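Listed here are the chains, written in short residue letters.
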Protein chains: 2
Amino acid sequence: MGRGHMARRNTNRRVGIADVAEKAGVSHATVSRVMNGNAAVDPGIAARVRAAAVELKYQPNPVGRSLALGKTDTIGIVVPDLANPTFQAILRGLSIAAAQDGYRVLIADSSEVTSEESILAGEARRRCDGVVLCAPRMSDAELEELAPTLHPLVLINRTTIATNTPSLSVDYGQGIQELAQHLVTLGHRRLVFLSGPEHSASNRQRLVGLDQFRAEHPEIELQMLHGGSNFDSGHESTEAIISSGATGILAFNDLVAMGLLSGLHERGVRVPEDISVTGFDDIPFAKYTTPPLTTAAVPINELGSLAWRRMREQIQQAGEAATQAQDEFSPRVEIRKSTAAPALKPA
Amino acid sequence: MGRGHMARRNTNRRVGIADVAEKAGVSHATVSRVMNGNAAVDPGIAARVRAAAVELKYQPNPVGRSLALGKTDTIGIVVPDLANPTFQAILRGLSIAAAQDGYRVLIADSSEVTSEESILAGEARRRCDGVVLCAPRMSDAELEELAPTLHPLVLINRTTIATNTPSLSVDYGQGIQELAQHLVTLGHRRLVFLSGPEHSASNRQRLVGLDQFRAEHPEIELQMLHGGSNFDSGHESTEAIISSGATGILAFNDLVAMGLLSGLHERGVRVPEDISVTGFDDIPFAKYTTPPLTTAAVPINELGSLAWRRMREQIQQAGEAATQAQDEFSPRVEIRKSTAAPALKPA
DNA sequence: GAATCATGAGAAAGCGTTTTCTCAGAGCGT
DNA sequence: ACGCTCTGAGAAAACGCTTTCTCATGATTC
């Protein structure tokens, strides 16, 4: 088909800009120009190049492109645990929003291994134009040191002292207080907080919120019980909850609440007649539990897309190191069927 | 600190191999050699280079590396919908397994837009060393045409005619038959299959399986009802299910079953006393529903990690185009509390 | 009609690595 | 002491693209 003598190159090698140039009888440079529409090119030549490109099914190699342009059109996200629906939702929101602007996302799951976080983040940053760090478990000191090296950086559920990295956070303290208030308003007097992972910043926020709640409601008994962040830990806490004598339970999150719900059901404890249970996050499953779960809704999809917007802002204003927005979301209490007035006390 | 005249380059630019070379008083090539341990380097010089590297905090630029080596140490995954727990689990399994071998994963969510799939897959492939295509919705013809261009490719929940692309699939036909059999063994005689998305290959497999089931059990009444693949569609089917008069319901998957469970509960229909319900997939939430859901478990985490293993095999044997494994998993029926013998018929 | 200018295309220099090629010098045998 | 091999380091090419620089051509102006 016209490809004359020594058609050896065709074998194996991917079609590159050089092939298109040769076929169209122009230079590499010109091909690049028409592909990117950067400079004025004679319409006739441009057409010839384009024809050659489609005929050869030419697609620019993004790696070469990235090297020349100094950008990859990719951002990285590092999460502590991809099994957690909250992080899944953030990832999804981020991915969809970024895709809309032609960016892709590279994932890194630290599997809750704190020491890996900064390494993963660094590697991700080198491959990408920016990094979003999701609920990092690392110490404040380490974060503070790492942040500048990651620069186009967005923090989720964590803040730095440095004001030039944007952060998105949720006011867990406020949310947990509102849930507690909701239980008290229903008439509960003995509450339990089933806490989450020790080194989780969001757990600390909840504890601070509950301290404040205690101060404002000295008449309420509020016990703390150690737990985890998943189904199983909720389920395992069943006995402890029952023997606590409390009628209102604030679970660390929806997963824990669901595990607890299941455990209580097995033990024949009725929810909400005997015990009221609240969750946190309002994951999609929360409204389909039996009974549907009262919880504090965090606008999780919005979080992902806002994270992208903050990232984009930084990428665009490359260099101008302005001080960045610190966004804080207020959870909204979602009252469903897992909470009700407690039965009248026998005592 | 010794960095003499005209210390201008330090500003702005990232530290590269050239900086290390200069500091150590050697050539770029030598630095590369000691960083990669490829050729023999004088121990003294090697030490000097390493010292310079740590002092400058040198980290090789992966983009330059990728260009030179022709590989990115990254694989892409394209999924129809990141909100689906099944795909989330596959992504997670894949990501963790790949990370163990030093690979990262780039995600592409087609948002169920069939026409985007092949474009996303192509773009992903160009940026990565391989692509895993997860439950592609595209036509067989399109897939057949696309597959060779994607080459290091792993298919999940879909097969090609081309025997040189490995595929992982689940025997949905078998699984749904076993669930139906389970219901019949319990004594149910009137069943409903609440079907999933039309163009889903796994839905078609279920239908084929049920056809076979029908042939083997002419005495059983089996209705088909259209549905979707998520909570809401299950919830919306509640009325239709109730009025069907069936006592055993085969939901398309666990999500649909959970939506249905919730709807039935609202209507005061007891599960399993009045109606038995089964799901499919055994997502983590399935055993925490009320009542816990009888379902067919697919080893979803294994799927992700096996996908990586198949991908790795292809990457390693680069070129040798051998015929690849077609793995098929058999779901395992997981009997829980959402199924039981039907109440004695009034008629 | 000659000098000036705009237009547009090719040549070549980057981008940051790896790797082949080349060659200087050391070590060895005879 | 001469030539041989061998080790190891620098020079340079390659990877695939973008972009600046340069220069030829044809159009414009006085």
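Refer to the structure printed above.
Residues numbered from 1 in each chain as written. Chains lettered and ligands numbered in written order. Predicted model: local features only at pLDDT ≥ 70, side-chain atom pairs only at ≥ 80, totals over all residues. Heavy atoms only, no water.

Asks: Even after reading the chapter, I still don't get the relation of the copies chain A and chain B, so can you show me in this structure?
Replies: Superposing the two chain copies requires a rotation about an axis and a translation along that axis. Superposing chain A onto chain B takes a rotation of 180° combined with a translation of 0.0 Å along the rotation axis, leaving an RMSD of 0.1 Å. The superposition operator between the copies reduces to a two-fold rotation axis. When each C-alpha of chain A is compared by its distance to the rotation axis, A:Leu106 comes out closest, at 2.2 Å. Taken as a fraction of all interface residues of chain A, those also at the interface in chain B reach 100%, which identifies the copy contact as same-surface. (Least-squares fit on C-alpha atoms with pLDDT ≥ 70 in both. Contact = heavy atoms within 4.5 Å.)

Asks: What should I look at first to understand the sheet that holds strand β1 (residues 74-79) of chain A in this one?
Replies: Pairing between the strands of a sheet comes from backbone hydrogen bonds, and it takes one of two forms, parallel or antiparallel. As summarised here, the arrangement of the twelve strands in space is β11(A)-β5(A)-β4(A)-β3(A)-β1(A)-β2(A)-β2(B)-β1(B)-β3(B)-β4(B)-β5(B)-β11(B), forming an open sheet in which the pairing is mixed. Only two strands of the sheet have a single neighbouring strand rather than two, namely β11 (326-329) of chain A together with β11 (326-329) of chain B. For this sheet the average axis-to-axis angle between neighbouring strands, irrespective of direction, equals 20°. Two elements, strand β3 (residues 131-134) of chain A and strand β4 (residues 153-156) of chain A, share four bridges in a ladder whose sense is parallel. Bridge pairing in β4(A) links A:Val132 to A:Val154. This element, helix α6 (residues 114-127) of chain B, spans β1 and β2 (104-109) of chain A together with β1 (74-79), β2 (104-109) and β3 (130-134) of chain B of the sheet and lies at about 150° to β3(B). (Pairing = 2+ DSSP bridges. Helix = DSSP H or I, 4+ residues; strand = E, 2+ residues; numbered from the N terminus. Axes fitted to C-alpha atoms, helices over the stretch in contact; angles between N-to-C directions.)

Asks: Teacher, can you tell me more about unusual backbone geometry here?
Replies: Among all residues save glycine, negative phi is the norm, and among peptide bonds the norm is trans. Residue and element names in this part refer to chain B. Omega for the peptide link from Val 271 to Pro 272 comes to 10°, which places this bond in the cis form. Here Pro 272 is to be found in the loop between α12 (254-266) and β9 (276-278). In the segment running from Thr 290 into Pro 291, the intervening peptide bond is cis, with an omega of -10°. Mapped onto the secondary structure, Pro 291 falls in the loop between β9 and β10 (295-297). Of note, the phi angle at Asp 282 is positive, near 60°, even though the residue is not glycine.

Asks: It is not clear to me how the pattern of salt bridges should be interpreted in this structure. Could you clarify?
Replies: Residues and elements named next belong to chain A. A full pass over the atoms with the stated rule returns 30 salt bridges over all chains. Of the charged contacts in the structure, one is a salt bridge between Asp 101 and Arg 312, with a shortest N-O distance of 2.7 Å. In this pair, Asp 101 is assigned in the loop between α5 (85-100) and β2 and Arg 312 in helix α13 (residues 300-316), connecting sequence segments 211 residues apart. Judged by relative accessible area, which is 33%, Asp 101 ranks as partly exposed. Owing to a relative accessible area of 27%, Arg 312 belongs among the partly exposed residues under this scheme. (Salt bridge = Lys/Arg side-chain N within 4 Å of Asp/Glu carboxyl O. Buried < 20%, exposed > 50% of the residue type's maximum accessible area, 1.4 Å probe, protein only.)

Asks: Can you help me understand the sheet that holds strand β7 (residues 221-225) of chain B in this one?
Replies: All names here are of chain B. Spatial strand order, β7-β6-β8-β9: four strands in an open sheet with parallel pairing. Each of the sheet's edge strands pairs with one partner strand only, and the pair in question is β7 and β9. Geometrically, the sheet is characterised by an average inter-axis angle of 20° between neighbouring strands, direction not taken into account. Pairing geometry for strand β6 (residues 190-194) and β7, over five bridges, is parallel. If you follow Val 192 over to β7, its bridge partner there is Gln 223. Each of β6, β8 (248-251) and β9 is contacted by α12, which is oriented at about 155° to β9, the strand it contacts most.

Asks: I would appreciate a short explanation of the interface of chain A and chain B in the present structure.
Replies: Note on interface size: it is often stated as the accessible area lost on association of the parts. Opposite the 43 residues of chain A that make contact, chain B presents 43 residues. With both chains or domains summed, chain A and chain B bury close to 4,100 Å², and 63% of this area falls on carbon and sulfur atoms. At the boundary of chain A and chain B, one finds four salt bridges. Residues A:Arg92 and B:Asp81 are paired through a salt bridge, measuring 3.8 Å at the closest nitrogen-oxygen approach. At the junction of chain A with chain B, the criterion picks out seven residue pairs in polar contact (both at pLDDT 80 or more). (Buried area = accessible area lost by both parts, 1.4 Å probe. Polar contact = N/O pair within 3.5 Å; in protein donor to acceptor, adjacent residues only side chain to side chain.)

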